[in-house]
Every structure is written in C-alpha cells, then in structure tokens.
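Structural overview
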Amino acid sequence: MNTIWSIRTVIRDFLEAIYLTCQSWVEKYPFIQRAYAIFSWLSLIVFVCSLFFVKESRTMIVQYVWSFYVLLQFWFLCRSKTMQWKQIVWFVLAGVFFVIPFTSLTVQIFHTLFGGKTSDTWSIAVLTPIFEELWKLLPLGLFLLFSRRASALSLSDYTLIGAATGVGFQLMEELSRRWLNSGILAKKFGYSFTMLGGETIHWDFFSLFPGRFEESLFPTLMTVGHPVHTAMIALACGIAFRLRARLTKWMVLLPVIILLWSILDHAAYNGQHKLPDWVFWLHDLAGSGYKTQPVFLLMLAASLIADYWALNKIRDRLPSLPNELILNPLTELLNTIRSFCTDRGKFLYWLGFYRERRELGFHVLYGNEEAAERQEPIQARVKALLQMLTGLAVILLVTGLFASIGAHTGGGSTACFACMFDSLQNWWDRLEWYEQGAIVLGALALSLLFVGFWPALGIAMTGASIAGSGHEIAGYIRDPKKLLTPENALSVAVGIVLSRIPFGKALGWVGKKGRRYVRKLLDKLGSRKPDVEVPVRPKPPKSDGQSPGKHSDDPKKPDDDTPNKEKAEEGAGQDETIGSVVKDGNKTKYTNPAGNELTWVDQHPKNIRRDIDNTLNSSNVGKATEAKVADFVRKESEVIGYGQKVMKHTGEAAGDLDVVTKDAIIEVKASIKAVKEDQFNKFTDPNHDLFFNPDNKKVILYIDKPLNNLRPEHQTMLENIKSKGVTIVNSLENLKEVL
C-alpha cells in the first residue's frame, strides 16, 4: 500500500509541477493567453461557418445537443452533488478523447494477439461489452487515485462522474454512427433504422435518459444508454466505499454485481439471435434490460437520502439560513428555481451557497488529511455567500414589514399599497437633511454587517431613493401602463445595461478594501464595540536567570539598545500562551487579547515539502524568495508552516505566515520595497486587533537584497521595526546564526 501511495504522490507531484510551470509561462509571456483567445474565437467562427456548408458539422451539433440534454438530466437529479459543472465537463472529455481510443486500442491488440476480427460475434457480443464497461470506469479510478478531495465526495458526485464519462463515450459512438450510416434507410428514416428491427436507438425529448437501445418492431429486450450503465456502476462503487467500515468488506461485491449486470445487458443486446440460450435466460431473470433504469433510480434516491441524512447529523456545524430547520434537497431546489424565475441575480448565490455547504459538510464528515486542506477556503466561501443571502433576506423582511403596515393602515382598499409609498415620501420629506443623512448612514452601517462596502452603499442609497420617490412608485402601482411609455422603457433598458457592465469584480475589490476602513472609522466613533473582551493574561515574573531561548554567545540583537528592550525581553522569556488557543482537529482557533477570533489550518510536513519544492522555481520573485528561505531553513531545523493563511471569523484573510519554525516566525521579503512596517504589529503587539503570535515566537525579517545606500524613509522604517523587537537579517548566513 505504501508503494502505491509513493507512486501516486510522485506522479501527482510531477503533473502538478508541469501545471505550475505552464502557469508560470502564461504569466511570464502574456502573448500565450492572447494567442489562445484569438485561436478560440477563430475556431468558433470557422465552426459556425461550417454549419452552413458542411453537413457533418450539422450532424455533430445535433448529437452534441442530445448528449448535453442527457447530462443536464443527471445534473438536475443528483441533488447532493458538490462538483462544479466545469469539473464534470472534464469527465465528458475524458470519455471522448481517452476512453474511446483506449477501448479501440485494447480490442485491436487483443485481436492481434489472439486472432479473429472485430466483426466476429464473440468480439461484438462478448469482448466489446466487457472492455467498454470496464474502461469507462478508468476516469473515475484515476480521479479517486490522484485527487486530494476523493475521500470527501458525495454519492451524487460518484453518479455524475460515471454519467459524464458515459455521455462522452456515447457522444463519440453515436456521432460515428451518424457519420457512417448514409444508406437509403438512413436518409429516409434516420441513422438508427434497420429493416428488421425498425428504430433501434431512441432519442426522445420527453423520456428520462434518452439514447436507449431497443428495437421498435416486436421488442423483446433493451439496454439503457452508456451514461446510465456507467453512472450505476460508479454509484455502486461510492456506496461500497461509504459502507465498507459499517457493514462488511463484502460490500465490494456490490459494484462487481452491477458491473456484471451491465455487461450482461450490453452483451445480450449486441448478440441477439447469436449467443447461447442460457445467456438470454439469465438476461430474462435480470429483467431483459427493462429493470436496469428503475433499479438505478432507486439507488439514486437512496443515495440522496443517505447524503442528506449524514449532512443533517452535523447541521449545527454548517451555516444555515433563517428558519432552515432541516437540510433537504426539495427546499434547496425550490429556492433555486424561485430565484431563477424571479431574480436571476440571486440565482448564482443560491446555487453556490448550497453546493459549497454540501462540499464543506462532506469534508467534515469523510475528508481525510489531504482533503482537510480544502476546508478553510471552502468555509470562507460559504460564509461569504451566507452573508450575501442573509443580507438579501433582511431586505425582503423589511420590505414585507412595510407592506404589512401599509395593508393594515389602508383599510383594505385596493390602492393601500400605493398609499403606503405616498405616506413614506410624505414622512421622508418632513425630515431635515441631517436626519435623512443619519438614516442613510445607519442603513450603511447595518448593511456592512452582511455585504461589502459598495453593495452596502447601494442598499442604503436604494432605500433612500425609494423613500424619496414614493409618489412616483405609487403612481406606477395605481397605473402600471405608465411603465410601457418609451421614456420608462428606455430607462429600464439603460439600467439593465449598466447592471451588466464588467466592473463587478473591481467594485467588489474596492468594496472589500473600503469596508475595512469604514469599520475602523465606526469603531473610533464608538458606534460598534468589540464582540468579546478577553483580558490579557498576566505575564509571569521575570526570572533572575537567563531566558531559555537566549544564550550568552548569541549575536547582539538589533533591539538591544532600543527603548522597548525591556518589553521585548519580557516577551522572549514568556512561556505561557498569549490569549486563548483551541485545537479542533487540524484547525487552530485563536482568540487574541483584543477579543478577535482567528483560525488557521495546521499543515502536514509532506504538504509543506511539496509546496516548497513546487515554488522554488516560480516566476514570482516573492514566492521564489520565500521558497528559497524555507528550503534553507528546513535543512537547519523543522519547518512547521509555509505560506500559512490566517483567517478572521468572517472568512476574510487576516494575514499569512511565510516561514514558521518551533521558535521563530520568518517574514520573507525580496527587497526593502516590499516591507510594510505595520504588518509586524500582528506579531509583536498583543493589543493589536489581528495579533496572531500566541506562543510569542521570535520574529525575524529576512530581506534578500543588500541594504546599501538606503533612502532616509527606509532607514527610519527599519529602525522602527527593530524597536518592535524584530530581528532583521540580510543573508542566509546571518539567518543561520539567528535561528
């Protein structure tokens, strides 16, 4: 087992190194990306033109649409999925470009070694079904072998992976049939029509999983399409893996039985009137192919129940929406459909939140050591989406409250809802300008609890505009035909265009930056208080002897002659933890003296070594310098953290630790220009809001470039950093002396 693990790790690290190298090339040479974009657009234009002039292109697009429709059905039914559409498409491509050629190659090699032709009955009805059903599982096997999140898949993920591979396989197989069948019958009745059997391959829009194989004239047996067979076997593999510890190791027989059943269905259909009678007797016992799809749907329903049953066991550890008592697929589906029909802007938030929450849940339930590395970023994304959805829910709640007030005060009149907006503007107009401004600022402060700065500003200004436009809104409610005037139609169109301009990411970034400063301002004004007040632990009395971490022959520290020397020495001799540290599995939750909770994930030594090796040759100078220092330090002592992210309780980044040992935190900079003075307060000042040095480790600043001919402001900055008790080194030799 260790040998397999070693081979797996070596191959994956090699492939990741190639991927990182390609990424660095793209970053270093931007023309590669531009050339790819130009090639993609030219290819698309050529394909669109070929639809008018090349019949095969039109044939291909027809089969592609059918295959897409089948995959869409699986995507809709697999309600507990955690994988994204982009990832599933890769398995479709694997079925097209990997499984099909590999199957053909295997069959050809077999015939070369043992004789016979691919047109022989034993090849069509025995050899081909076995190889096809086996090799369609290869993408799933490779994913489970090499993926870091393989242990945290839902049962729907297994189903989707199998279905996607089968969709790709059937896409290429049916496309070949459509291109090659060009006889009289094909031109008159379609590519899948035969003289004795009639229509044999059925693509029906209103059927579940179209693409089944069944003769339309006197049908006696059938077989479902490749997607259903492969999805069924993959789901059986997931069930066996999930239940292997609870029941018995004999659960491994479940996917074997399902695989043999699929091969039997496939062989019986391919070998009609040619195979021995006992084969068709067995096939009759198995339902003649008509029981396969119902059994698969029962397995899928059971897997959905099992997945959500498991998620509800830990629902107290997962973020939930208001009034969400139990996690279930029906509520999730209704919410996403309603958002799609009423407000498509929220649709992606709902989809993302539910999928990310399921992924987080399965990581908590089943994730191994490798999968645990993904928990922190997933949790951050889930929290961000939850904040957005909660903010939207609050807005709807306030709107509903105003509506109910208007309904009660209006005496049941049909225009009472319009009267409410008239009253709202009358009240707003009576307010002084400073009162209106205070209300807007209050709405802004409230919104900042849920969303970024710019969305919060939009919410506040929207509320003010609604209040100031009450008469106009009331007029539209009383006479909706006003909305059909050209002026209003034009204004709506302009609003839609402005909401679609590609500045969303930029505004999100600015909002995130602005939110921090606005919150600081509000804190100074006293409008917000810290969540928890955690007193600083009293420092132990100074010992008369030398501190444990200090030796008489140590080089003189840069802060020996500074005003804060006494404070630094007290910190160096302190053994107790500053603040409160709680371990939760591989996650550390730290509450600093300012009362703020910070978290980070403990890194496995193997992953630290991998990350250092992968970034040693990075084109990013900063990353490469960090890797160089980490590589040097690990030869001298143990590195327990590398590029370690520290997160706030809100899911935002609080900072990071470049290189960490048991006794020191090393901040690595490629040059003096990259140094920022205030970031060292997080390591040295226990009263800082984002202090995260609970063990009071020695802080070292490593600057890779020489510190000659410094500018006055840089010289002053370095002196200030030294005054905080930070050791500054300028070479690996100096670093070795300090460690």
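That block above? That's the structure.
Residues numbered from 1 in each chain as written. Predicted model: local features only at pLDDT ≥ 70, side-chain atom pairs only at ≥ 80, totals over all residues. Heavy atoms only, no water.

1. Considering the overall build of the protein
A tally of regular secondary structure across the protein gives 28 helices and 12 strands. Put simply, 66% of the contacts in the protein that link residues at least 6 apart link residues at least 24 apart. (Helix = DSSP H or I, 4+ residues; strand = E, 2+ residues; numbered from the N terminus. Contact = heavy atoms within 4.5 Å.)

2. A short note on the sheet that holds strand β9 (residues 653–660)
An order of β5-β6-β7-β8-β9-β10-β11-β12 is seen for the eight strands of this open sheet, with the pairing classed as mixed. Two strands bound the open sheet, and with one partner strand each, they are β5 (580–584) and β12 (727–729). Looking at each pair of strands side by side, their axes are set apart by 30° on average, direction ignored. Both β5 and strand β6 (residues 587–591) contribute to a ladder of five bridges, which runs antiparallel. (Pairing = 2+ DSSP bridges. Axes fitted to C-alpha atoms, helices over the stretch in contact; angles between N-to-C directions.)

3. Some thoughts on the pairing of strand β11 (residues 698–703)
Of all six residues making up β11, five are buried, and the element is well covered by its neighbours. Relative to β11, strand β10 (residues 664–669) is paired through six bridges, and the arrangement is parallel. Across the sheet, the residue bridging to Ala-664 is Lys-698, located in β11. The pairing of β11 with β12 spans three bridges and is classified as parallel. (Buried < 20%, exposed > 50% of the residue type's maximum accessible area, 1.4 Å probe, protein only.)

4. Let's talk about a nonpolar patch on the surface
Nonpolar side chains collect at one region of the surface, where Trp-41, Leu-44, Val-48, Phe-52, Phe-53 and Val-54 lie side by side and expose about 700 Å² of accessible area between them. You can see Phe-53 is positioned in helix α2 (residues 31–53). (Patch = residues over 30% accessible without salt bridge, like charges linked within 9 Å, V, L, I, M, F, W, Y side chains within 5 Å. Areas by Shrake-Rupley, 256 points an atom, 1.4 Å probe, with all protein chains shown as cover. Salt bridge = Lys/Arg side-chain N within 4 Å of Asp/Glu carboxyl O.)

5. What to know about the nonpolar core
Counting 54 residues, the largest nonpolar core has Phe-74, Ile-161, Leu-235, Ile-258, Phe-296 and Met-299 as its most contacted members. If you list the elements that add at least two residues to this core, you get α3 (55–77), α4 (85–114), α6 (138–146), α7 (155–180), α9 (226–243), α10 (253–270), α11 (277–285) and α12 (292–313). Here the element with the most residues in this core is α9; it accounts for nine residues. Look past the residues within four positions of Ile-258 in its chain and what remains in contact with it is Met-232, Ile-233, Ala-236 and Met-299. (Core = buried A, V, L, I, M, F, W, Y, C linked by side-chain atoms within 4.5 Å.)

6. Structural notes on the side chain of Glu-214
Residue position: Glu-214 is located in the loop between β4 (212–213) and α9. Taking the relative accessible area as the measure of exposure, Glu-214 reaches 10% and is therefore buried. Of note is the side chain of Glu-214, whose polar atom sits 3.2 Å from the side chain of Arg-212. Apart from the residues lying within four places of it in its own chain, the contact partners of Glu-214 are Glu-199, Thr-200, His-202, Pro-219, Leu-221, Met-222, Tyr-269 and Tyr-290. (Polar contact = N/O pair within 3.5 Å; in protein donor to acceptor, adjacent residues only side chain to side chain.)

7. Quick look at the packing of aromatic side chains
Applying the stated criterion to the full structure yields 24 aromatic pairs. Both rings, one in Trp-66 and one in Tyr-69, keep their centres 6.3 Å apart while their planes meet at 65°; by these two values the pair is edge-to-face. Residue Trp-66 and its partner Tyr-69 are both found in helix α3; the two are separated by three residues, about one turn of the helix. Over the ring of Phe-76 we find Arg-79; its NZ or CZ atom is 5.7 Å from the centre of that ring. Lying over the aromatic face of Phe-169, Lys-136 brings its terminal NZ or CZ to 5.7 Å of the ring centre. (Phe/Tyr/Trp six-rings, centres within 6.5 Å; stacked < 30°, edge-to-face > 60°. Lys NZ or Arg CZ within 6 Å of the ring centre and 35° of its normal.)

8. Comments concerning α10
Side chains that are three or four residues apart share a direction in an α-helix, a result of its 3.6 residues per turn. With 18 residues, α10 should reach 26 Å at 1.5 Å per residue; the first-to-last C-alpha distance of 26 Å fits that figure. Restricting attention to buried positions, one finds in α10 the residues Pro-255, Ile-258, Leu-259, Trp-261, Ser-262, Ile-263, Leu-264, Asp-265, His-266, Ala-267, Ala-268 and Tyr-269. For α10, the elements touching its buried residues are α5 (121–135), β4, α9, α11 and α12. (Expected span 1.5 Å × (residues − 1).)

9. Digging into the pairing of β9
Regular strands place their side chains on alternate faces of the sheet. For β9, a buried count of six out of eight residues is recorded, marking the element as mostly surrounded by other parts of the structure. Sheet topology places strand β8 (residues 641–648) next to β9; six bridges connect them, and they run antiparallel. By the bridge assignment, Met-647 is partnered in β9 with Ala-653. Linking β8 back to β9 in an antiparallel pair, the connection comprises four residues, with Gly-651 at a positive phi of about 95°. The sheet contact formed by β9 and β10 spans two bridges and is antiparallel. Opposite Val-660, over in β10, you have Ile-665 as the bridge partner. Turn length for the β9-β10 hairpin, with the two strands adjacent in sequence and antiparallel, is three residues.

10. Brief notes about the environment of Gly-198
Topologically, Gly-198 is positioned in strand β2 (residues 198–199). Taking the C-alpha atoms as reference, Gly-198 lies 9.1 Å from Phe-218; in sequence the two are 20 residues apart. Not counting the four nearest positions on each side in its chain, Gly-198 is found in contact with Ser-192, Phe-193, Ser-216 and Leu-217.

11. Side note on the packing of α9 against α10
Describing two packed helices takes the angle between their axes plus the distance from one axis to the other. Where α9 meets α10, the closest approach of the two axes is 8 Å, and the angle between their N-to-C directions is 165°. Comparing the axis directions of α9 and α10 gives the class roughly antiparallel. Note that α9 runs across α10; the crossing there is right-handed. Counting all contacts with α9, which are made through His-226, His-229, Met-232, Ile-233, Ala-236, Cys-237, Ile-239 and Ala-240, the residues of α10 involved are Leu-254, Pro-255, Ile-258, Leu-259, Trp-261, Ser-262, Asp-265 and His-266. A per-class count over the contact of α9 with α10 returns 11 nonpolar, four polar and one charged. (Parallel < 35°, antiparallel > 145°, perpendicular 65-115°, else oblique. Left-handed = near helix turned anticlockwise from the far one by under 90°. Nonpolar A, V, L, I, M, F, W, Y, C, P; charged D, E, K, R; others polar.)

12. Observations regarding α4
Its 30 residues place the ends of α4 42 Å apart at the C-alpha level, agreeing with the 44 Å of an ideal helix rising 1.5 Å per residue. Ala-94 marks the point of greatest bend in α4, at about 35°. Those residues of α4 hidden inside the fold are in contact with α3, α5, α6 and α7. A positive phi of about 85° marks Gly-115, the residue just after α4. (Bend = angle between axes of the 7 residues up to and from the residue.)

13. Things to note about unusual backbone geometry
Not every positive phi belongs to a glycine, and His-273 is a case in point at roughly 65°. Judged by relative accessible area, His-273 falls into the exposed class, the value being 78%. Unlike most non-glycine residues, Asn-696 shows phi in positive territory, near 50°. Relative to the helices and strands, Asn-696 is located in the loop between α26 (681–684) and β11.

14. Some thoughts on the packing of α2 against α3
Between α2 and α3, the least distance of the axes is 6 Å, while the angle of their chain directions is 110°. Looking at the two axes, α2 sits roughly perpendicular to α3. Seen from α2, the contacting residues are Phe-47, Ser-50, Leu-51, Phe-52 and Phe-53; seen from α3, they are Lys-55, Ser-57, Arg-58, Met-60 and Ile-61.

15. Details of the side chain of Ser-80
One can find Ser-80 in the loop between α3 and α4. The exposure class assigned to Ser-80 is buried, which follows from its relative accessible area of 0%. Of the polar contacts made by the side chain of Ser-80, one reaches the side chain of Ser-156; its length is 2.6 Å. Ignoring sequence-local partners within four residues, the contact set of Ser-80 consists of Ser-154, Ser-156, Leu-304, Asp-307, Tyr-308, Arg-358 and Phe-362.

16. Remarks on the pattern of salt bridges
For the coordinates displayed, the defined rule picks out 23 salt bridges. Glu-359 serves as the salt-bridge partner of Arg-355, at 3.3 Å between the closest nitrogen and oxygen. Of the two residues, Arg-355 and Glu-359 are both situated in helix α14 (residues 344–366); the distance of four residues between them amounts to about one turn of the helix. Owing to a relative accessible area of 1%, Glu-359 belongs among the buried residues under this scheme.

17. Quick word on the environment of Ser-619
Following the sequence through the fold, Ser-619 ends up in the loop between α24 (605–615) and α25 (621–636). Residues Ser-619 and Leu-20 lie 599 residues apart in sequence; the distance between their C-alpha atoms is 9.9 Å.

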